[in-house]
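Spelled out from the first residue to the last, the chains are:
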Amino acid sequence: MINLTIKEALEKLKNRSISATELTRAYLERIEKYGSALNCYITTTPERALKDAAESDERYKNGNSLPLDGMPIAMKDLFATRGIRTTAASRMLENFVPHYESTVSQNLINAGTVLLGKANLDEFAMGTFSKTSFFGAPVNPWQIEKHLTAGGSSGGSTSSVAGGLAIAATGTDTGGSIRFPSAMTGLVGMKPTYGLCSRWGCIAFASSLDTPGPIARTVDDAALMLSAMAGHDDKDSTSSPEAHFDSDGNVQPILGDGKKLKVGIIKEFNSVKISDDMKNLFEKRIADLKSMGAEIVEVSIPNILDALAAYYIIAPAEASSNLARYDGMRYGLRVEGDGPYDTYKKTRAAGFGEEVQRRMLIGTAVLSSESYEVYFMQAARVRRMISDSFKTAFEQCDLIVCPASAGTAMPLDSDLTPLEYYALDLFTVAMNLAGVPAVSVPCGLAQNGLPLGMQVVGPRFADMRVLQLAKHIETSANIDNRPTTIMGE
Ligand code: GLN
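Residues numbered from 1 in each chain as written. Predicted model: local features only at pLDDT ≥ 70, side-chain atom pairs only at ≥ 80, totals over all residues. Heavy atoms only, no water.

## Brief notes about the overall build of the protein chain
What the protein chain contains, in helices and strands, is 16 helices and 11 strands. Against the globule reference of 23 Å for 489 residues, the protein chain gives a C-alpha radius of gyration of 21 Å, in line with a compact fold. Reported as C-alpha extents along the three principal axes, the dimensions of the protein chain are approximately 70 × 55 × 45 Å. Within the protein chain, the proportion of its 489 residues that are buried is 63%. (Helix = DSSP H or I, 4+ residues; strand = E, 2+ residues; numbered from the N terminus. Rg over C-alpha atoms; globule rule 2.2 N^0.38 Å. Buried < 20%, exposed > 50% of the residue type's maximum accessible area, 1.4 Å probe, protein only.)

## Section: the site of the ligand
Surveying the vicinity of the ligand reveals 15 residues, the closest of which are Thr174, Gly175, Ser177, Tyr311 and Arg359. Within the side chain of threonine 128, an N or O atom sits 3.2 Å from a nitrogen atom of the ligand. Relative to its free-state accessible area of 300 Å², the ligand is covered by the protein chains to the extent of 100%. By residue class, the composition of the shell around the ligand is 5 nonpolar, 7 polar and 3 charged. (Near = heavy atom within 4 Å. Polar contact = N/O pair within 3.5 Å; in protein donor to acceptor, adjacent residues only side chain to side chain. Areas by Shrake-Rupley, 256 points an atom, 1.4 Å probe, with all protein chains shown as cover. Nonpolar A, V, L, I, M, F, W, Y, C, P; charged D, E, K, R; others polar.)

## Regarding the nonpolar core
Among the nonpolar cores identified, the biggest contains 164 residues, and Leu68, Phe124, Phe390, Val401 and Leu469 are the most heavily contacted of them. When residues of this core are assigned to their parent elements, the largest contribution, 10 residues, is made by helix 9 (residues 307–322). Residues within four places of leucine 68 in sequence aside, it is in contact with Ile6, Leu10, Leu108, Ala111, Gly112, Thr113, Leu224, Met225 and Ala228. (Core = buried A, V, L, I, M, F, W, Y, C linked by side-chain atoms within 4.5 Å. Contact = heavy atoms within 4.5 Å.)

## Topic: the pairing of strand 4 (residues 168–173)
Judged by how many residues are buried, strand 4 sits mostly within the fold: 6 of 6 residues are covered. Alternating positions in strand 4 separate into two faces, Ala168, Thr170 and Thr172 on one and Ala169, Gly171 and Asp173 on the other, with burial throughout.

## A look at the pairing of strand 3 (residues 114–119)
Regular strands place their side chains on alternate faces of the sheet. Most of strand 3 is tucked away: 6 of the 6 residues are buried. Of the strand pairs in this sheet, strand 1 (residues 41–44) and strand 3 are connected by 3 bridges, and their pairing is antiparallel. Across the sheet, the residue bridging to threonine 44 is glycine 117, located in strand 3. Of the pairings in the sheet, the one linking strand 2 (residues 72–76) to strand 3 comprises 5 bridges and is parallel in character. Bridge pairing links methionine 75 to lysine 118 in strand 3. For the crossover that starts at strand 2, traverses helix 4 (residues 103–110) and ends in the parallel strand 3, the hand is right-handed. (Pairing = 2+ DSSP bridges. Right-handed = clockwise from strand over helix to strand, strands pointing away.)

## Focus on unusual backbone geometry
Note the cis peptide between glycine 152 and serine 153, where omega equals 5°. With respect to the secondary-structure elements, serine 153 resides in the loop between strand 3 and helix 5 (155–162). Its identity is not glycine, yet asparagine 39 carries a phi of approximately 50°, on the positive side. Within the secondary structure, asparagine 39 sits in the loop between helix 2 (20–38) and strand 1. In the Ramachandran plot, alanine 89 falls in the positive-phi region, its phi being about 55° despite a non-glycine side chain. Here alanine 89 shows up in the loop between strand 2 and helix 4. Residue alanine 89 is classed as buried on the basis of its relative accessible area of 0%.

## Points about the side chain of glutamine 468
Checked against the element boundaries, glutamine 468 lands in helix 15 (residues 463–477). Within the structure, the side chain of glutamine 468 is placed 3.1 Å from the backbone oxygen of glutamine 252, a separation counted as a polar contact. Apart from residues lying up to four places away in sequence, glutamine 468 is in contact with Val251, Gln252, Pro253 and Ile254.

## Re the pattern of salt bridges
Going through the model one piece at a time under the given rule, you end up with 21 salt bridges. Of the charged contacts, one joins aspartate 288 and arginine 285 as a salt bridge, the two residues approaching to 3.1 Å between their closest N and O atoms. Of this pair, aspartate 288 and arginine 285 are both found in helix 8 (residues 276–291), 3 residues apart, which corresponds to roughly one turn of the helix. By relative accessible area, which is 8% here, arginine 285 ends up buried. Ionic contacts of the salt-bridge type, sharing partners, join the residues Glu354, Glu355, Arg358 and Arg359 into one network. (Salt bridge = Lys/Arg side-chain N within 4 Å of Asp/Glu carboxyl O.)

## A look at the environment of asparagine 481
Relative to the elements of secondary structure, asparagine 481 occurs in the loop between helix 15 and helix 16 (483–486). When its relative accessible area of 8% is taken as the criterion, asparagine 481 is described as buried. Along the sequence, asparagine 481 and serine 154 sit 327 residues apart, while their C-alpha atoms lie 18 Å from each other. Not counting residues within four places of it along the chain, the set of residues in contact with asparagine 481 comprises Trp142, Gly186, Leu187, Arg217 and Ile486. A distance of 2.9 Å separates a polar atom in the side chain of asparagine 481 from the backbone oxygen of glycine 186.

## Regarding the packing of aromatic side chains
Geometrically, a pair of aromatic rings is defined through the distance of the ring centres and the angle of the planes. What the rule picks out here adds up to 13 aromatic pairs. Centre to centre, the rings of phenylalanine 124 and phenylalanine 352 are 5.9 Å apart; their planes meet at 70°, and the pair counts as edge-to-face. Of the two residues, phenylalanine 124 is situated in the loop between strand 3 and helix 5 and phenylalanine 352 in the loop between helix 10 (340–351) and helix 11 (354–367); the sequence distance between them amounts to 228 residues. Comparing phenylalanine 124 with phenylalanine 352, the two get one shared label, buried. With a centroid separation of 4.7 Å and 80° between ring planes, the pair formed by tyrosine 311 and tyrosine 312 is classed as edge-to-face. Ring pairing ties together the aromatic residues Phe96, Phe124, Tyr326, Tyr331 and Phe352, which thus form one cluster. Over the aromatic face of tryptophan 200 sits the side chain of lysine 235, whose NZ or CZ is 4.0 Å from the ring centroid. (Phe/Tyr/Trp six-rings, centres within 6.5 Å; stacked < 30°, edge-to-face > 60°. Lys NZ or Arg CZ within 6 Å of the ring centre and 35° of its normal.)

Next up, the structure:
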């Protein structure tokens with residue numbers, strides 16, 4: 001049963017050949033069996049799941065089922081869930097139980113989903129391998145014996161979906177945290193247009209970049225998840241009034257039948273070193289798109305190679321401000337000290353891990369009066385230029401494609417420096433700076449048998465078109481990402 005996509009499962013639930021309770025039980029068994037090996041959940045919620053499933057079955061019986069009724073999902077543990085521990089994978093929030101529900105998770109409840117648990121991630125979503133989690137790193141279900149990263153920061157989400165421990169999951173993408181882990185696990189992960197999914201109740205990292213989005217096994221499933229997650233929200237001042245996305249799970253072809261489409265390739269990325277596998281598969285998929293009638297054009301985003309530098313100034317700057325609230329005074333961890341200032345210091349020293357502390361220091365430094373103009377303002381200018389260049393590029397083409405990463409998933413015990421980790425975000429951060437939609441879709445398997453992903457990027461609010469092109473790539477790559485095969489059963 002865990003091999004079913006959302007689309008297939010909904011079909012079977014509608015014609016009542018399976019029940020939501022059966023489906024949920026299949027996933028709970030899977031969690032029981034592989035949950036600790038994959039470490040993809042920080043908290044599991046089996047009782048809540050069975051209760052949700054029973055309610056779904058009731059609705060199917062009464063003929064008033066909801067769009068995603070009975071779909072057992074994992075929620076990245078960055079989304080506040082009422083009455084359920086929400087940790088952001090930090091010691092700071094180890095015992096935090098919110099009394100409110102994030103808009104995205106509420107939207108998914110309203111769509112009838114079943115909550116299996118809260119997925120592991122990098123602490124406060126800062127990282128690329130999900131190794132900065134206070135709860136230890138999730139493991140990639142592909143070639144599990146090799147202990148590879150499931151990517152980060154949404155690595156618990158991708159590990160759970162790829163391993164068949166959830167039918168789909170939520171993620172958040174500030175600089176690549178949905179797309180990179182999806183690429184590492186053979187999944188479809190979408191960073192929608194900034195402002196399409198509400199950030200309300202999603203624990204903030206860098207507010208001008210944070211973007212909730214779906215992680216699923218197919219493009220159609222990602223579209224179904226996004227339909228439920230998206231929508232305007234008065235509680236988020238950056239939620240767009242235009243925020244609307246609607247799909248019945250049948251993403252339509254954008255190529256074929258003489259349809260015209262210009263697909264751009266970013267010139268500046270040609271000079272970036274990528275693995276031979278990535279290069280070959282990317283070229284293969286481009287050739288396929290061409291043969292389906294796409295016209296391939298080269299576009300330029302002149303500052304795109306500066307996106308990393310700009311991102312690693314802007315993101316820590318915003319994070320240092322957002323994370324100032326964890327002071328041991330109101331909620332979360334409190335380590336008693338000698339007076340309030342000492343308590344504050346001791347709490348933050350004990351509550352935040354090394355990477356989060358590093359970002360606080362960078363962020364505070366670049367916002368200091370002597371650095372603000374040379375670092376922060378300069379980064380803001382680069383961001384504006386990148387955003388403008390995307391606009392210009394989209395006057396020359398309809399959509400852009402590029403790799404999602406340079407190579408396949410690396411071992412969790414790889415010993416990289418912070419800068420080497422940051423460099424892995426090269427292909428993903430620019431889209432966050434520009435706020436444009438981007439999806440990572442599997443483009444094939446490398447020689448070592450591991451999946452690789454490529455991105456489709458579009459102008460703001462062209463989210464559907466992005467998925468439409470991704471579907472062609474998915475079809476031509478045709479990789480098998482069924483969980484049973486992944487786990488070698
Ligand atoms: N790897 C990037 C970082 O560490 C992206 C994280 C994210 O998108 N949340 O900042």
